[in-house]
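For reference, the chains in residue letters:
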Amino acid sequence: MAQQSGLEPNLRDVLRYALGGSAPSGFLDHLIDRQHCWDDELWRKLDEFAYEFRPDLAVWEVNVDDDGVLCEQRLPLLAPPDET
């Protein structure tokens, strides 16, 4: 579930970051055009890279469970495209 506020990290930039800082634009275009084929593990790794690359965009959900224990979870910065 990517953020809809317009503050989500740019997928191209995250891929470039994940690939060590440089990648040909044509290669990135090829990957992005086929993102519907990426598996959950790749999306999970890219979300981790997105957090490393742009931690300032992270959104944390904070809850208190029935025992009064505070729980926090980072919401995904990147998510697979909707399959509609």
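Heads up: the structure comes first, above all this text.
None of the values given here were measured: they were computed from a predicted structure.

(A) A look at the packing of helix α1 (residues 11–18) against helix α3 (residues 40–53). Look at α1 against α3: their axes get within 9 Å of each other, and the N-to-C directions meet at 95°. Classified by the angle between their axes, α1 and α3 sit roughly perpendicular to one another. For the pair α1 and α3, contact is made by D13, V14, L15, Y17 and A18 and by L46, F49, A50, E52 and F53, respectively.

(B) Structural context of the environment of H36. The topology assignment puts H36 in the loop between α2 (25–33) and α3. Distance from H36 to P81, taken between C-alpha atoms, is 6.6 Å for residues 45 residues apart in sequence.

(C) Main features of the pattern of salt bridges. One pass over the structure, following the stated rule, counts seven salt bridges. With a shortest N-O distance of 2.7 Å, R54 and D56 are connected by a salt bridge. A residue is classified by how much of its surface remains accessible, and D56, at 54% relative accessible area, is exposed. Here the salt bridges share partners, and the residues they tie into one network are E41, R44, K45 and E48.

Quick notes on the rules
Residues numbered from 1 in each chain as written. Predicted model: local features only at pLDDT ≥ 70, side-chain atom pairs only at ≥ 80, totals over all residues. Heavy atoms only, no water. Axes fitted to C-alpha atoms, helices over the stretch in contact; angles between N-to-C directions. Helix = DSSP H or I, 4+ residues; strand = E, 2+ residues; numbered from the N terminus. Parallel < 35°, antiparallel > 145°, perpendicular 65-115°, else oblique. Contact = heavy atoms within 4.5 Å. Salt bridge = Lys/Arg side-chain N within 4 Å of Asp/Glu carboxyl O. Buried < 20%, exposed > 50% of the residue type's maximum accessible area, 1.4 Å probe, protein only.

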